[in-house]
Amino acid sequence: HYSEKRAHERKDFRGTVWISLPNSDAADEQENTTIKVWSRSISQSGLSFIYPFPIYRNNILVGIPVQDNQIAWFRSEIVRQKEIREEEFWEFGVRFLGKVIA
C-alpha cells in the first residue's frame, strides 16, 4: 500500500487541477498541451488525480488553483498510474519536484 511509503500525509482534495504535458517534439514551452483533470488527494509532496486516458509522459506541470483565480504551477513527475477498468479511468500519483517561478 502506498500510504506507508509517503513522506507526507495525504488530505482529500476534490476539485479540478491543470496538467500541462510537454509535446515531445516542441522546443518551446508554449507548445505544451494543457488539460483539466479531477484531483483526489494532495499532500506537501504530491497529489493524485484521475483522467479517462493513459498519459505517456513522466515529467509534467501541475497547476493548482489558489486565491483570486490564480494558479500555482509545480514541476512534477508521474510516479504511479493505474487503470481502473470497471470505472473507465486512470488514477495517477504525482510527486512535486519544485514550484515554477514566473
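Heads up: the structure comes first, above all this text.
Described below are features of the structure shown in this document.

Further remarks concern the overall build of the protein chain. Scanning the protein chain from terminus to terminus reveals zero helices and six strands. Looking at the protein chain as a whole, 34% of its 102 residues qualify as buried. Counting only contacts in the protein chain whose residues sit at least 6 apart along the sequence, the fraction spanning at least 24 positions is 50%. Accessible surface for the protein chain amounts to roughly 7200 Å². Of this, 46% is attributable to carbon and sulfur atoms.

Applying the stated criterion across every chain yields a total of three aromatic pairs. Taking 4.9 Å as the distance between ring centres and 15° as the angle between the ring planes, the aromatic pair formed by Phe-49 and Phe-92 counts as stacked. Here Phe-49 is found in strand β3 (residues 46-51), whereas its partner Phe-92 is found in strand β6 (residues 89-99), with 43 residues between them in sequence. Taking the relative accessible area as the measure of exposure, Phe-92 reaches 0% and is therefore buried. A centroid spacing of 5.7 Å and a plane angle of 75° characterise the contact between Tyr-51 and Phe-53, whose relative ring orientation is edge-to-face.

Here the focus is the pattern of salt bridges. In the structure shown here, the tally under the stated rule is four salt bridges. Residue Arg-40 pairs with Glu-91 through a salt bridge whose shortest N-O separation is 3.4 Å. Placement of Arg-40 in strand β2 (residues 33-42) and of Glu-91 in strand β6 is noted, with a sequence separation of 51 residues between them. Arg-40 gets classed as partly exposed once you look at its relative accessible area, which sits at 28%. Of the residues examined, Glu-91 reaches a relative accessible area of 16% and is grouped as buried. For Glu-91, the salt bridge goes to Arg-80, with nearest N and O atoms at 4.0 Å. Here Glu-91 is found in strand β6, whereas its partner Arg-80 is found in strand β5 (residues 71-84), with 11 residues between them in sequence. Like Arg-80, Glu-91 is buried. Salt bridges linked by common partners bring Arg-40, Arg-80 and Glu-91 together as one network.

Turning next to the nonpolar core. Considering soluble globular proteins, one finds that nonpolar side chains tend to be buried as a cluster. Core analysis: the largest hydrophobic core is formed by 20 residues, its most contacted members being Ile-19, Phe-49, Ile-60, Val-62 and Ile-64. When contributions to this core are tallied by element, the ones reaching two or more residues are β1 (11-21), β2, β3, β4 (59-65), β5 and β6. In terms of residues, this core owes the most to one element, β6, which gives four residues. Not counting the four nearest positions on each side in its chain, Ile-64 is found in contact with Phe-13, Val-17, Ile-42, Leu-47, Gln-70, Ile-71, Ala-72, Phe-74 and Phe-96.

Mapped onto the fold, Ser-76 is located in strand β5. Taking the relative accessible area as the measure of exposure, Ser-76 reaches 1% and is therefore buried. In terms of polar contacts, Ser-76 uses its side chain to reach the backbone carbonyl oxygen of Phe-74, at 3.1 Å.

Cut-offs used in this document
- Residues numbered from 1 in each chain as written.
- Predicted model: local features only at pLDDT ≥ 70, side-chain atom pairs only at ≥ 80, totals over all residues.
- Heavy atoms only, no water.
- Helix = DSSP H or I, 4+ residues; strand = E, 2+ residues; numbered from the N terminus.
- Buried < 20%, exposed > 50% of the residue type's maximum accessible area, 1.4 Å probe, protein only.
- Contact = heavy atoms within 4.5 Å.
- Areas by Shrake-Rupley, 256 points an atom, 1.4 Å probe, with all protein chains shown as cover.
- Phe/Tyr/Trp six-rings, centres within 6.5 Å; stacked < 30°, edge-to-face > 60°.
- Salt bridge = Lys/Arg side-chain N within 4 Å of Asp/Glu carboxyl O.
- Core = buried A, V, L, I, M, F, W, Y, C linked by side-chain atoms within 4.5 Å.
- Polar contact = N/O pair within 3.5 Å; in protein donor to acceptor, adjacent residues only side chain to side chain.

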